[in-house]
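# Analysis of the macromolecular model
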Amino acid sequence: MPHRSVETAPREELRRVQSERLRETVRTAYENVPFYRERFDEMGLSPDDVTSVDDVSALPFTTKEDFRDTYPTGMFAVEMDDVVRVHASSGTTGKPKIVGYTQSDLDVWDDAMARCLVAAGLESDDVVQNAYGYGLFTGGLGLQQGIEAIGATVIPIGGGQTQRQVELLADLESDALACTPSYALYVAETADEMGVDVRELPLRLVIFGAEPCTEPMREEIEDRLGVTGVDLYGLSEIVGPGVSIECLEQDGLHVWEDRFYPEVVDPASGDPVAEGEEGELVLTTLSKEALPVLRYRTGDLTTLNYDTCDCGRTAVRMDNVTGRTDDLLIVRGVNVYPSEIESVVLEFEAVAPYYRIDLRREDNLDTLELTVELADDFDGPVSGVRERILDRLSNVLSFTPDDLSLVRPGEIARTEVGKVQRVYDHRG
């Protein structure tokens, strides 16, 4: 059963709600955020020009650079006296993006996360082990408040302590584990080393997010842990985790579009693409007080499907993120995304779901080295696997790495806390 009736509302009713909330959001942004007021005035645009969601494409885009240019709180629409919580991005590529919440914003976030967890199949009597990081990162507290909102039990262990994670899965009979997809596999690997068969535990669900997850990796998670894996999506600039999630149909992530209005645009031109065509996801908040955000360019590549899901929800579904516009690797004129390489590599049972990409520059030419870890139970000739992977990469992606190394199990570094790093750029 849906958590809220709006999840199954007719699209005409949904558009009425979206239009009403968009008008309010645009006026709030214009009147209270100098950044937006300047953009509107430069464009000759007035809040009165926006009467419905049909006008959303007339609004200016917002980018991560805008957050950094207005650091720390220049995007806020309220005074700090009204802000009850602050979170931030990691800031690994520059200044962190500071985001703030009023109590009303936290209530919206609670509701969005609660909808996600119910759609994933969680119930009030479930025990959820939350292995997302706590602190300025939105993952840990975002999941926790959603778990508490549906009346389930949360184990707020956070990231790391992997042996302890396995022990708690067994001792407290956790029904669900929330973490990144790469960490779910690390939990499975650690459990094997401890002699614990997680598939015999009550654990039935893994809610993964914060990293792209290809279908082969999802299948690996489900097989190694004996669970159903569902993809959770969100980003700090919009609210945190809770923007969308897969239901148990596993056929796209439902976007709670009465709170977050989605578009897909051409990454190069910024023009909207046809329904079902892949492009960059753009999101507009519809209920945020402290931080109203108009047309935020997420950098995530996906598609939108407006057909009613078999679960009965009418909320639009976004496809699993296939990559990021800023993750595109261009090596000697060939364009390739890390997720595309992963999808091909993980087709082979001989390899484990651990790989790294090293980019270098030699004699003014870019080179790409791919390192892939062999599966624990592999005992065949390495040369044959190597040639088959190279052939498959060439046939599927029209791409061949300059070097492909197959290494023994455990040689590629694992990540216990935070997002996994797959690409190492040494080009300076």
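Residues numbered from 1 in each chain as written. Predicted model: local features only at pLDDT ≥ 70, side-chain atom pairs only at ≥ 80, totals over all residues. Heavy atoms only, no water.

The next thing to look at is the nonpolar core. Formed by 72 residues in total, the largest nonpolar core has its most connected members in Leu59, Ile207, Tyr233 and Ile245. With eight residues, helix H4 (residues 103-119) is the single largest residue contributor to this core. Once residues lying within four places of it in the same chain are set aside, the contact partners of Ile207 are Leu117, Leu122, Tyr132, Leu177, Ala178, Cys179, Val230, Leu232 and Ile245. Within the second largest apolar cluster, 51 residues are counted, among which are Ala191, Ile221, Leu370 and Leu390. (Core = buried A, V, L, I, M, F, W, Y, C linked by side-chain atoms within 4.5 Å. Buried < 20%, exposed > 50% of the residue type's maximum accessible area, 1.4 Å probe, protein only. Helix = DSSP H or I, 4+ residues; strand = E, 2+ residues; numbered from the N terminus. Contact = heavy atoms within 4.5 Å.)

Moving on: the domain arrangement of the chain. Per the domain assignment, the segments of the chain are domain 1 (1-324) and domain 2 (329-425). For domain 1 versus domain 2, the distance between C-alpha centres works out to 29 Å. With 20 residues of domain 1 at the contact, the number on the domain 2 side is 16 residues. Its salt-bridge partner being Glu189, residue Arg414 comes within 2.6 Å of it at the nearest N-O pair. Taken together, domain 1 and domain 2 are joined by four residue pairs in polar contact (both at pLDDT 80 or more). Secondary structure elements with two or more residues in the side of domain 1 that touches domain 2: helix H7 (181-194), helix H8 (215-225) and strand E15 (323-324). (Domains from an automatic or database assignment. Salt bridge = Lys/Arg side-chain N within 4 Å of Asp/Glu carboxyl O. Polar contact = N/O pair within 3.5 Å; in protein donor to acceptor, adjacent residues only side chain to side chain.)

Our next topic: a negative patch on the surface. The grouping of Glu193, Glu349, Asp376, Asp377 and Asp379 at the surface amounts to a negative patch. Among the structural elements, Glu193 can be located in helix H7. (Patch = residues over 30% accessible without salt bridge, like charges linked within 9 Å, V, L, I, M, F, W, Y side chains within 5 Å. Areas by Shrake-Rupley, 256 points an atom, 1.4 Å probe, with all protein chains shown as cover. Lys, Arg positive; Asp, Glu negative; His and termini not counted. Charge placed at Lys NZ, Arg CZ, Asp CG, Glu CD.)

Below, the discussion takes up the pattern of salt bridges. Using the criterion set out here, one finds 37 salt bridges in the structure. Its salt-bridge partner being Asp175, residue Arg204 comes within 3.7 Å of it at the nearest N-O pair. Here the residue Arg204 occupies a position in the loop between H7 and strand E6 (205-208), and Asp175 occupies one in the loop between helix H6 (162-171) and strand E5 (176-179), the gap between them amounting to 29 residues. For Arg204, a relative accessible area of 33% gives the class partly exposed.

A few words on a nonpolar patch on the surface. Judged by side-chain polarity, Met80, Val86 and Leu136 come together as a nonpolar surface patch covering roughly 260 Å² of accessible area. Relative accessible area serves as the criterion here: at 31%, Val86 is assigned to the partly exposed category.

Now for the side chain of His254. Tracing the backbone through its elements, the reader meets His254 in strand E9 (residues 253-255). Accessibility expressed as a relative area gives 0% for His254, which makes it buried. Reaching out from His254, the side chain makes a polar contact with the backbone oxygen of Ala315 at a distance of 3.2 Å.

Attention shifts here to the sheet that holds strand E3 (residues 127-130). Spatially, the nine strands line up as an open sheet ordered E4-E3-E5-E6-E7-E8-E9-E14-E13, and their pairing is mixed. Looking at which strands have only one partner, the edges of the open sheet turn out to be strand E4 (153-155) and strand E13 (304-305). Pairing analysis gives four bridges linking E6 to strand E7 (residues 228-235), with the strands arranged parallel. Across the sheet, residue Phe208 finds its bridge partner in E7, namely Asp231. (Pairing = 2+ DSSP bridges.)

Further remarks concern the packing of aromatic side chains. Counting across every chain of the model gives five aromatic pairs. Relative to Phe40, the ring of Tyr30 has its centre 5.6 Å away and its plane inclined at 50°; by these criteria the two rings are tilted. On the criterion of sequence distance, the pair formed by Tyr30 in helix H1 (residues 11-32) and Phe40 in helix H2 (residues 34-43) is long-range, its members being 10 residues apart. Above the ring of Tyr424, the side-chain terminus of Arg356 is found at 3.8 Å from the ring centroid. (Phe/Tyr/Trp six-rings, centres within 6.5 Å; stacked < 30°, edge-to-face > 60°. Lys NZ or Arg CZ within 6 Å of the ring centre and 35° of its normal.)

Turning next to unusual backbone geometry. Cis geometry marks the peptide bond from Tyr71 to Pro72; its omega dihedral reads 5°. Tracing the chain through its elements places Pro72 in the loop between helix H3 (64-69) and strand E1 (85-88). Residues other than glycine seldom take positive phi values, yet Arg295 does so here, at roughly 50°. With respect to the element layout, Arg295 can be found in the loop between strand E11 (279-285) and strand E12 (296-302).

The next point concerns the sheet that holds E12. Backbone hydrogen bonds hold the strands of a sheet together, and the pairing may be parallel or antiparallel. The strand order across the open sheet formed by four strands is E10-E11-E12-E15, and the pairing between neighbours is antiparallel. The open sheet has two free edges, formed respectively by strand E10 (260-265) and E15, since each of these has just one partner strand. Examined bridge by bridge, E11 and E12 share four bridges and lie antiparallel to one another. Counted as the bridge partner of Glu280 is Leu301 from E12.

This part is about the state of the cysteines. As enumerated under the stated definition, the model contains zero disulfides in all. Unpaired in this structure, Cys116 has its nearest cysteine sulfur neighbour in Cys247, at a distance of 11 Å. A relative accessible area of 0% means that Cys116 is categorised as buried. With no disulfide of its own, Cys247 lies 3.8 Å from the sulfur of Cys309, the closest cysteine sulfur. (Disulfide = S-S within 2.5 Å.)

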